[in-house]
Amino acid sequence: MKKISTVVPVYNESENVPLIYQALKDVAATLPAYAWEFVFINDGSSDDSWEELRRIAASDSRVVALDFSRNFGKELALTAGVRHCTGDAAIFLDADLQHPPALIPEFIRKWEQGAEVVASLRKSTERKSLLKNIGSRLFYHLMNSCAPAQLTPNATDFKLVDRKVITELLRFTEHKRMFRGLIEWLGFRTEYVEFVAPERIHGKATYSFGKLVSLAVNSMASFSLFPLKLVGYLGVFVTFVSAALLAFMIFQNFILHTELFSSIAFVIVANTLVLGVVLIALGLMALYIGQIHDEVINRPLFVIREKVGGGGHSGAASGEGGEAT
């Protein structure tokens, strides 16, 4: 019997945890030909999410719940789920029910037909802000213009991956990661399912605009060298413009003797252009040096305080799953 694992990151979703668990149970009941495992990762919630997860883990042996020692972020919560799931396939979805569990049978059908990844495409989101819509379009345009691995616009983390994909994901060690980008980079055979994301039932979105911007910046640095190349392009442009401007100033002052520009103007133009190039170069270099720093210090990707369920004992995880390799 094939086994399906569901992986659900949880951050301050105490009201939604019972709902997503019940929805997953209902889906599992319609597919009795498969064994099921429900993996929940509590990403340092400050509400009662962990108590809810402990309760459902005590009542259902199929539930595995991991409790992070603090908030490490959704990308690393998904990574922890990958490391601890045991299914022949894993399905990633959010706890807020904006990833409809009712699509899971369609995911499994496409997987059984040979797809190694079944990804969801969000057609629209109820009450999604204009700013997020514009930001999303700009992000995909920039990434697909300069990154070697193309990202599918409107794709989400709601997807199914085969065990062979999980095996490859376990080989990645970078700390700053975009999970869906890594899966697309792997290049496995992918099918798509479209859906309309419903409005949240309880709570509010915890993935702030600032976090989205941070994810976009880290993704750009992880998947593309274009920002570094941009410095070279900008350097050529600035050199050309400054050379042309200085030539014009010299021609006006020393050939035509119109003296439109003072000597201090020459210094200011030259210094301003050079300073701008230096500052931009330093900023981009700092971004990449920061990425290198995060990788070479080789800290654990995450720390699990406690693991319950799955037929095992409850207690501290002793750093289980926290190694960076």
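This text follows the structure it describes.
Residues numbered from 1 in each chain as written. Predicted model: local features only at pLDDT ≥ 70, side-chain atom pairs only at ≥ 80, totals over all residues. Heavy atoms only, no water.

(A) Up close: the pairing of strand 3 (residues 63-68). Most of strand 3 sits out of view: six of its six residues are buried. Both faces of strand 3 are covered, namely the face carrying V63, A65 and D67 and the face carrying V64, L66 and F68. When strand 2 (residues 35-42) meets strand 3, the two strands line up parallel, connected through five bridges. The residue of strand 3 that forms the bridge with V39 is V64. Pairing analysis gives five bridges linking strand 3 to strand 8 (residues 304-309), with the strands arranged antiparallel. When the sheet's bridge partners are listed, L66 is paired in strand 8 with K307. (Buried < 20%, exposed > 50% of the residue type's maximum accessible area, 1.4 Å probe, protein only. Helix = DSSP H or I, 4+ residues; strand = E, 2+ residues; numbered from the N terminus. Pairing = 2+ DSSP bridges.)

(B) Layout of the nonpolar core. The biggest cluster of nonpolar side chains holds 39 residues, and the ones touching the most others in it are W36, F40, I91 and I108. Among all residues touching I108, those that are not within four sequence positions of it are I4, L31, Y34, W36, I91 and L160. Formed by 27 residues, the second largest nonpolar core is a distinct cluster that contains V7, L66, V82 and I304. (Core = buried A, V, L, I, M, F, W, Y, C linked by side-chain atoms within 4.5 Å. Contact = heavy atoms within 4.5 Å.)

(C) Main features of the packing of aromatic side chains. For the structure on display, the rule yields seven aromatic pairs. Note on F68 and F72: the rings are 5.4 Å apart at their centroids and 85° apart in plane angle, and the pair reads as edge-to-face. One exposure class covers both F68 and F72, and it is buried. With a centroid separation of 5.7 Å and an interplanar angle of 80°, the aromatic rings of F172 and W185 are classed as edge-to-face. You can see F172 sitting in the loop between helix 6 (163-169) and helix 7 (179-186) and its partner W185 sitting in helix 7, a full 13 residues away along the chain. Look at F172 and you get buried, because its relative accessible area is 14%. (Phe/Tyr/Trp six-rings, centres within 6.5 Å; stacked < 30°, edge-to-face > 60°.)

(D) Highlighting unusual backbone geometry. A positive phi angle is found at N12, which is not glycine, with a value near 55°. Mapped onto the fold, N12 is located in the loop between strand 1 (3-10) and helix 1 (17-30). In this structure, L97 takes a positive phi of about 70° despite not being glycine. Along the chain, L97 falls in the loop between strand 4 (89-92) and helix 4 (104-112).

(E) Here's a closer look at helix 4. Restricting attention to buried positions, one finds in helix 4 the residues I104, F107, I108, K110 and W111. Looking straight down helix 4, one finds its buried side chains confined to an arc of 165°; they lie on one side. Remark: G114 follows helix 4 within two positions and exhibits a positive phi of approximately 120°. (Arc of directions from axis to C-beta.)

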